[in-house]
Amino acid sequence: MTVPIFYRAINGRPSLGQSNKPQMVSSLTRHTAQNEKNGAGPLADRLQSAYDISMSTLNRSEEKLSALNQPKPWSGVNAYRADPLLVDLTAQLPRPLKDEFDAIGKYVTSPEAQELARMANVSAPHLRTHGPRGERLDVVEFHPAWHALMRRSMASGLHSSVWENLPDARGREHKARAVRFFLTAQLESGHLCPLTMTSASVAALVASPAVQKEWTPKILARKYDSSNRPPMQKSAVTIGMGMTEKQGGTDVRANVTQGERVGEGIYRLSGHKWFLSAPMSDAFVMLAQTKDGMGCFLVPRLLEDGSANGLEFQRLKDKLGNRSNASAEVEFDEAFGFLLGAPGDGVRTILDMVTLTRLDCALSSAGMMRASMAEAVHHVRGRSVFGKKLIDQPLMTRVLADMALDVAAATALAFRVAESFDRARENSVDAAYARVMTPVAKYWVCKIAPALIYEAMECIGGNGYVEERAIARHYREAPVNAIWEGSGNVMALDVLRVLSRGKDLFETLFAGLERDLGPSGRKTVEVLRAATALADQDEAAGRLLIEQLALAAGAAELYRLGATKIADAFLESRLAGGWRHSYGVIDARFDARFVLDLLYPPGA
């Protein structure tokens with residue numbers, strides 16, 4: 001029995017091999033002892049011999065399972081190298097970045113990492129409101145696997161890299177981070193929530209230079225610190241968010257939390273938050289009413305002397321998914337916060353942060369879809385039904401190829417938005433793309449993820465409907481991205497808000513789409529202009545517009561990347577073919593096996 005790397009690494013705990021309990025003596029240990037008694041060679045040789053016997057036993061088990069028509073788990077695959085589309089998307093990036101992606105790709109599918117993800121989700125966070133003397137604690141305890149995931153992802157810079165101005169990523173910070181985020185989402189998305197908010201919080205802190213100067217070095221530090229200490233005493237901090245309240249939810253202007261000015265840029269807050277995301281963060285970006293209007297604040301969890309800052313956690317949400325991550329209801333009285341921006345500009349200030357989190361929602365959903373599809377394709381290539389491999393059954397092939405088109409378009413679209421963030425400051429076309437297409441990508445990519453992951457689960461069959469497989473975790477996780485940071489209707493209203501302020505951004509966007517779509521461009525843009533005119537007169541048509549925009553932009557990006565046959569099949573089936581929202585109904589003119597093998601290469 002080999003000892004998983006994560007077990008030895010967590011908190012310096014002893015490995016399983018250090019136990020002296022007789023009942024834990026394995027056959028390997030007995031074999032080693034027998035060798036020693038018989039005068040076998042050095043200890044290392046004897047241990048290697050024992051390990052070889054163990055592996056031969058495992059191999060015999062694998063042979064039996066294969067004989068029983070049970071494919072191997074989808075594990076030990078390089079998620080970066082096995083994804084031709086992602087390799088193409090990153091082809092122009094410097095070699096050091098691609099080497100980093102390669103390392104992450106190996107890690108996320110490794111048995112050790114998959115076990116960390118499993119344990120972090122089956123061992124949910126636990127809230128301790130009080131200590132043994134009745135004192136308030138208000139701490140959330142996590143399984144060590146959670147901390148191991150956080151440690152690795154913070155070392156990779158998922159919370160910091162877009163702000164670090166590192167030479168290899170200069171001018172493409174968002175795209176480089178998007179690759180890391182997309183790959184890590186294929187492992188476990190719950191722990192990405194605090195990393196998303198920590199990264200995005202810097203956009204809100206910019207509104208207050210003094211706060212930014214003090215907090216940014218701790219936010220950008222890559223050495224994870226889970227200790228319960230004042231923020232400035234830690235090696236690194238994470239930032240959470242508290243926007244919604246019971247009476248308003250998405251309508252944050254209905255918030256009743258009050259902020260009273262007590263000093264220059266310092267306010268005292270009293271109220272509640274219905275969802276406080278990542279409650280063990282070191283500070284939270286919150287909204288509160290002031291006498292000058294809605295303000296945005298950075299509220300530390302602990303004060304400088306280590307005492308609580310008035311935040312009392314009521315309970316943790318019992319969520320459908322996102323199980324590894326905690327979300328809390330919180331009441332607070334006389335909690336001190338630092339004002340970010342002008343007192344009446346709170347919504348505008350926090351929207352700078354929200355825009356970045358919406359991109360992460362799309363990237364996370366695309367990553368989970370990719371992992372679920374890869375698992376399903378791997379399974380059908382290894383399982384036989386009705387006398388031949390599932391992959392060779394025409395119905396199965398066409399279903400998977402149809403799904404692969406959505407995953408490819410969703411991935412390409414999410415990365416195109418990330419690229420537009422990198423170039424928006426210098427390029428008006430990219431600025432228009434970022435403003436219009438961020439809510440569009442968030443809407444469509446997150447909306448299709450639950451249905452697609454379910455379909456992948458069905459391709460696996462009954463074995464897909466068990467918690468032992470990663471796909472179950474992805475399926476439970478998928479709906480949160482469509483709900484968090486603005487549901488579908490909120491995204492549609494955001495697009496309509498841009499439209500109401502003028503059509504110039506849309507015309508700039510349409511010009512780019514018409515160019516990238518090639519021969520189909522003019523006709524497709526005519527359809528988009530008609531949908532725009534309809535939505536301009538009828539707010540209820542907002543979803544029609546946003547979906548048409550997503551489909552056209554996804555196809556355009558596939559064409560721009562040179563994936564012509566994939567783009568043709570996607571565009572014609574989604575925009576021209578009257579797609580029925582049921583996978584497997586694409587026209588036989590499209591070579592389903594070609595699509596599948598191109599995007600999910602056999603043996604990769």
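Residues numbered from 1 in each chain as written. Predicted model: local features only at pLDDT ≥ 70, side-chain atom pairs only at ≥ 80, totals over all residues. Heavy atoms only, no water.

Comments concerning the overall build of the protein chain
Within the protein chain, the secondary structure is distributed over 20 helices and 11 strands. Residue burial in the protein chain is summarised as follows: out of 604 residues, 54% are buried. When the accessible surface of the protein chain is split by element, carbon and sulfur atoms take 53% of a total near 26500 Å². (Helix = DSSP H or I, 4+ residues; strand = E, 2+ residues; numbered from the N terminus. Buried < 20%, exposed > 50% of the residue type's maximum accessible area, 1.4 Å probe, protein only. Areas by Shrake-Rupley, 256 points an atom, 1.4 Å probe, with all protein chains shown as cover.)

Notes on the pairing of strand β2 (residues 136–141)
As paired strands, strand β1 (residues 126–130) and β2 are joined by 4 bridges and run antiparallel to one another. Looking across to β2, one finds that His130 is bridged to Arg136. (Pairing = 2+ DSSP bridges.)

Some words on the pairing of strand β5 (residues 266–277)
Relative to β5, strand β3 (residues 239–242) runs antiparallel, the two being bridged by 2 bridges. In the strand pairing of β5, Met241 is matched with Ser277. As judged from the 5 bridges shared by strand β4 (residues 258–263) and β5, these two strands associate in the antiparallel manner. Bridge assignment links Gly259 to a residue of β5, and that residue is Leu269. As consecutive antiparallel partners, β4 and β5 are separated by 2 residues, and within that stretch Gly265 has a phi angle of approximately 75°, a positive value.

A few points about the side chain of Asp422
Following the sequence through the fold, Asp422 ends up in helix α12 (residues 394–423). No salt bridge is formed by the buried Asp422; its nearest oppositely charged neighbour, Arg423, is found at 6.9 Å. In this structure the side chain of Asp422 is engaged in a polar contact, spanning 3.0 Å, whose partner is the backbone nitrogen of Lys175. Dropping the residues within four chain positions of it, Asp422 is found in contact with Gly171, Arg172, Glu173, His174 and Lys175. (Lys, Arg positive; Asp, Glu negative; His and termini not counted. Salt bridge = Lys/Arg side-chain N within 4 Å of Asp/Glu carboxyl O. Polar contact = N/O pair within 3.5 Å; in protein donor to acceptor, adjacent residues only side chain to side chain. Contact = heavy atoms within 4.5 Å.)

Thoughts on helix α20 (residues 592–599)
Taken together, the buried positions of α20 are Ala592, Val595, Leu596 and Leu599. Down the axis of α20, the buried set is contained in an arc of 95°. They therefore lie on one face. On its buried side, α20 packs onto α4 (84–89), α11 (346–382), α12 and α19 (564–576). Two to three positions downstream of the cap, the backbone nitrogen of Arg593 sits 3.2 Å from a side-chain oxygen, assigning the N-cap of α20 to Asp591. (Arc of directions from axis to C-beta.)

Overview of the packing of aromatic side chains
Tallied over the full model, the rule gives 6 aromatic pairs. Here Trp444 and Phe570 contribute two aromatic rings whose centre-to-centre distance is 6.1 Å and whose plane-to-plane angle is 70°, an arrangement assigned as edge-to-face. Of this pair, Trp444 sits in helix α13 (residues 428–460) while Phe570 sits in helix α19, and the two are 126 residues apart along the sequence. We note that Trp444, like Phe570, is buried. Measuring from centroid to centroid gives 6.2 Å for Phe506 and Phe510, while their planes differ by 65°, and the two rings are edge-to-face. Within this pair, Phe506 and its partner Phe510 are both found in helix α16 (residues 504–517), separated by 4 residues, close to a single helical turn. Each member of the pair, Phe506 as well as Phe510, is classed as buried. (Phe/Tyr/Trp six-rings, centres within 6.5 Å; stacked < 30°, edge-to-face > 60°.)

Structural notes on the nonpolar core
Within soluble globular proteins, side chains that are nonpolar generally end up buried alongside one another. Membership of the largest hydrophobic core comes to 185 residues, with the highest contact counts inside it found for Met373, Leu400, Trp444 and Leu549. Residues in contact with Met373, not counting those within four places in the same chain, are Leu400, Met403, Ala404, Val407, Leu452, Ala456, Leu596 and Tyr600. (Core = buried A, V, L, I, M, F, W, Y, C linked by side-chain atoms within 4.5 Å.)

Looking at the packing of helix α18 (residues 542–560) against α19
Axis separation between α18 and α19 bottoms out at 8 Å; the angle between their running directions is 165°. Here α18 is positioned roughly antiparallel relative to α19, judged by the angle of their axes. Here α18 and α19 pass one another in a crossing that is left-handed. Across the interface between the two elements, Gln548, Leu551, Ala552, Gly554, Ala555, Leu558 and Tyr559 from α18 touch Thr564, Ile566, Ala567, Asp568, Phe570, Leu571, Arg574 and Leu575 from α19. For the contact of α18 with α19, the class distribution of residues is 10 nonpolar, 3 polar and 2 charged. (Axes fitted to C-alpha atoms, helices over the stretch in contact; angles between N-to-C directions. Parallel < 35°, antiparallel > 145°, perpendicular 65-115°, else oblique. Left-handed = near helix turned anticlockwise from the far one by under 90°. Nonpolar A, V, L, I, M, F, W, Y, C, P; charged D, E, K, R; others polar.)

Overview of the confidence of the model for the protein chain
Fine structural detail should not be taken from predicted coordinates in areas where pLDDT scores are low. Chain-level statistics for the protein chain give a pLDDT mean of 90 and a share of 89% at 70 or above. Long-range and interchain partners of residues 1–41, a stretch whose pLDDT sits below 50, account for 42 contacts in this model, where long-range means more than four residues apart. (pLDDT = per-residue confidence, 0-100.)

Examining the environment of Phe594
Relative to the assigned elements, Phe594 resides in helix α20. Between the C-alpha atom of Phe594 and that of Lys565, which follows or precedes it by 29 residues, the distance is 9.3 Å.

So, the side chain of Gln114
Structurally, Gln114 can be placed in helix α6 (residues 111–122). Owing to a relative accessible area of 17%, Gln114 belongs among the buried residues under this scheme. Discounting chain neighbours no more than four positions away, the residues touching Gln114 are Val108, Thr109, Gln186, Leu187, Ala470 and Arg473.

A few points about the pattern of salt bridges
One pass over the full model with this rule turns up 45 salt bridges. Note that Glu375 is salt-bridged to Arg469, the shortest N-O span being 3.4 Å. Here Arg469 lies in the loop between α13 and α14 (470–483) and Glu375 lies in helix α11, a separation of 94 residues in the sequence. The class for Arg469 is buried, based on a relative accessible area of 17%. Glu526 is the partner of Arg522 in a salt bridge, and the nearest nitrogen-oxygen pair spans 2.8 Å. Placement of both Arg522 and Glu526 in helix α17 (residues 521–537) is noted, with a separation of 4 residues, approximately one turn of the helix. On the basis of relative accessible area, Glu526 is assigned to the partly exposed category, the value being 41%. Taken together, the shared-partner salt bridges in this structure form one network comprising Lys175, Arg416, Glu419, Arg423, Asp430, Glu557 and Arg560.

A few points about the packing of α11 against α13
In contact at an axis separation of 8 Å, α11 and α13 are set at 20° when each is read in the N-to-C sense. It follows that α11 is roughly parallel to α13 by the angle criterion. Taken as a pair, α11 and α13 cross one another with a handedness that is left-handed. Taken together, the residues of the contact of α11 with α13 sort by class into 18 nonpolar, 5 polar and 3 charged.

Quick notes on helix α15 (residues 488–500)
If you check α15, its first and last C-alpha atoms are 19 Å apart, about what 13 residues at 1.5 Å a residue would give, namely 18 Å. Residues of α15 that are buried sit in contact with α11, α13, α14, α16, α17 and α18. Just past α15, the residue Gly502 takes up positive phi, approximately 135°. (Expected span 1.5 Å × (residues − 1).)

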